[in-house]
Amino acid sequence: EERFWWAARAPLVTSPSSAVGVESAVPETGRFSVETLDDVRKIHGVVALHLRDGRFSEAVGVLAASLLPALASGGLSGGGGTDGDGALRLSLAGMTLRNIGTIQLWAGSYERAADSFGRAAADSSAVGNGSTEGGTFDETSSLNLRGLSMFSLEKYSDANKSFLKSLAIMQRHREREQAQSVEDRQRPHKFAAGKTLNNVSCAFFEMGYYKSACRALHRSLLVYMSDDLECGYPNLVFDAGREDLPEGKFPSLTDIMNGLKTREMEIDHVPLEFELDVAITFANLAYLLVKRKKFSAAAVCLAEAASLQKRVFGHDHSIRLSTMESLAFVNIKMHRYDRALRVFEDMLRLEENKIATSNLYHLTIAKLLGNMSYVYLKMRKLSAALACLRGVIANQEASLPPGDESIEQTRNFMADIEAQLRNEQDGGGSQDAAE
């Protein structure tokens, strides 16, 4: 059985070493003889060669015209397997269909990919009706991939149905797991459920259900934190008959944040995968909260996302800096100008620590100083705003051609601020003269 697992799970090899002798004369599609697992590996080797050369349609043709018919006819034997073993053949067929769907995704054939993943989910469901760990994983992954294919086709409602069906299967697995001891329980499903709930949120967002999208992300955070919150693991099954999600009684965002910090203090080593998934969820939730004009909650989520991203990516990674910039603008929306300035100043220090060897560096510094100038103008601190703009134009002149429009715009802004400063110094004399 292990050899079947290897053959099905790793068919798309990264080198042609497993396909020795096939590169010089690749058989035409549909002319392969498939009787043993060695024949399966040879087919995968041919597929790898097609993929290496970018021949996606040929790779799909080999799998669809040779391997799938052999699995359907029950002609596969040898290599440790039992001839006619229906469950194993169905499992292999499902995995082959997932490989076909993945290649179709690469090629941009989303409709065909969705069909392949749908057939793979049906085959995986038939393997023990999802009663095994492998069957559960295969079916949920196939449904998620089908949902992603439908999402690419902008069929958001159909995509969400696949995501929600995947969650229902995870819920059934979770309920079976409750009968096991804590030591025997599987933890990876938490990551799968949390990511799927993020997908659900994206589908709800595209359909215009912002509240439901937020609730899905809220539930995703509960999944990640279920070991630490008294509420326990949330129910993943939603009412399939309604587009929107019910409110539900869940802990507040503050309770979840406190649970997250408690987890960090009590665990010696928090997996990076956990921190990355939680950071992505917080960032997605912040985006939705901004859409709903809930800026205070969005700022909390962005601050936590930036903190987690620091541990995952490093303090000066572009993803973290982008999150910090969003945090600053949310603070501006709430008229918290001092907080926004502190965030921009932190970003400026991080950027200035980099070696100034490219135009991108100068343009990044110019952008940050321009943002700080905007905040100072909001605070009516004209001298500070003018000082920032002098830094902007210095970096622009170091990276842009002399006649660039951006440089001229900055000079015009500086001239306007200088005029305002002169008016203030003259005690409004210019305004009196105009009257």
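Residues numbered from 1 in each chain as written. Predicted model: local features only at pLDDT ≥ 70, side-chain atom pairs only at ≥ 80, totals over all residues. Heavy atoms only, no water.

### Quick notes on the pattern of salt bridges
Pairing is possible between side chains of opposite charge, provided their charged atoms come close. So the rule is basically this: The working definition used for a salt bridge is a side-chain nitrogen of Lys or Arg within 4 Å of a carboxyl oxygen of Asp or Glu. For every residue, the accessible area (1.4 Å probe, protein chains only) is compared with the maximum for its type, and the residue is labelled buried under 20%, exposed over 50%, or partly exposed between those bounds.
What the rule picks out here adds up to ten salt bridges. With a shortest N-O distance of 3.2 Å, Arg 55 and Asp 53 are connected by a salt bridge. Overall, Arg 55 belongs to the partly exposed group, its relative accessible area being 29%.

### Focus: the environment of Glu 408
The criterion, for reference: The helix count covers DSSP runs of H or I at least four residues long, the strand count covers runs of E at least two residues long, and both are numbered beginning at the N terminus.
The residue Glu 408 is located in helix H17 (residues 405–425) in this model. The partly exposed category is assigned to Glu 408, whose relative accessible area is 41%. Considering only alpha carbons, one finds Glu 408 and Ile 393, 15 residues apart in sequence, at a separation of 9.1 Å.

### Describing the side chain of Gln 104
Basically, it comes down to this: Polar contact is the term for a pair of N or O atoms within 3.5 Å; when the atoms are in protein, one must be able to donate a hydrogen and the other to accept it, and sequence-neighboring residues count only if both atoms are side-chain atoms. Throughout, a contact is declared for two residues whenever any of their heavy atoms are within 4.5 Å.
Its place among the elements puts Gln 104 in helix H4 (residues 86–106). A distance of 3.3 Å separates a polar side-chain atom of Gln 104 from the backbone nitrogen of Ala 113. Beyond its immediate stretch of four places on either side in the chain, Gln 104 contacts Val 60, Ser 109, Arg 112, Ala 113 and Ser 116.

### Things to note about the packing of helix H16 (residues 382–399) against H17
Under the convention used in this document: Fitted lines through C-alpha atoms serve as axes, helices being fitted only where they are in contact, and the angles separating the N-to-C directions of these axes extend from 0 to 180 degrees. Working definition: roughly parallel below 35 degrees, roughly antiparallel above 145 degrees, roughly perpendicular at 65 to 115 degrees, and oblique for all remaining angles. Crossings are assigned a handedness: left-handed for a near helix turned anticlockwise from the far helix by less than a right angle, right-handed for a clockwise turn. Note on residue classes: Ala, Val, Leu, Ile, Met, Phe, Trp, Tyr, Cys and Pro are nonpolar, Asp, Glu, Lys and Arg are charged, and everything else, Gly too, is polar.
Where H16 meets H17, the axes come as close as 10 Å, and the angle between the chain directions of the two elements is 160 degrees. In terms of orientation, H16 and H17 fall into the roughly antiparallel class. Where H16 crosses over H17, the handedness of that crossing is left-handed. Contacts between H16 and H17 involve Leu 382, Ser 383, Ala 385, Leu 386, Leu 389, Arg 390, Val 392, Ile 393, Gln 396 and Glu 397 from the first element and Ser 406, Ile 407, Thr 410, Arg 411, Phe 413, Met 414, Ile 417, Glu 418, Gln 420, Leu 421 and Glu 424 from the second. Of the residues assigned to the contact of H16 with H17, the class counts are eleven nonpolar, five polar and five charged.

### A word on the confidence of the model for the protein
Filter applied, for reference: Per residue, pLDDT measures the predictor's confidence, with a range of 0 to 100.
Averaged over all residues, the pLDDT of the protein equals 78, while 70% of them reach at least 70. Taken element by element, the predicted model of the protein shows its lowest mean pLDDT in helix H1 (residues 2–9) (32) and its highest in helix H13 (residues 318–333) (94). Here residues 1–27 is modelled with pLDDT under 50, and outside its nearest four sequence neighbours on either side it reaches 45 contacts, counting other chains as well. With pLDDT under 50 throughout, residues 228–232 is counted as low confidence; its partners more than four residues away or in other chains account for nine contacts.

### A look at the packing of helix H14 (residues 337–352) against helix H15 (residues 359–378)
Helix packing for two helices is described by the angle between their axes and how far apart those axes are. Where H14 contacts H15, the axes come no closer than 10 Å and their chain directions differ by 165 degrees. With respect to H15, the element H14 is oriented roughly antiparallel. In terms of crossing hand, the pair formed by H14 and H15 is left-handed. Listed contacts from H15 to Tyr 337, Leu 341, Phe 344, Glu 345, Met 347, Leu 348, Glu 351 and Glu 352 of H14 are Tyr 361, Thr 364, Ile 365, Leu 368, Leu 369, Asn 371, Met 372, Val 375, Tyr 376 and Lys 378. A breakdown of the residues in the contact of H14 with H15 according to their chemical character gives twelve nonpolar, two polar and four charged.

### Considering the packing of aromatic side chains
Put simply, the test is: We call Phe, Tyr and Trp rings a pair once their centres come within 6.5 Å, taking the six-membered ring for Trp, and we label the pair stacked below 30 degrees between planes, edge-to-face above 60, and tilted otherwise.
Counted according to the given criterion, the structure contains six aromatic pairs. Summarising the aromatic geometry, the rings of Phe 151 and Tyr 156 are spaced 5.0 Å apart at their centres and angled 65 degrees between planes, so their arrangement reads as edge-to-face. The exposure class of Phe 151 is partly exposed, given its relative accessible area of 24%. Taken together, Phe 205, Tyr 210 and Tyr 287 form an aromatic cluster joined through their ring pairs.

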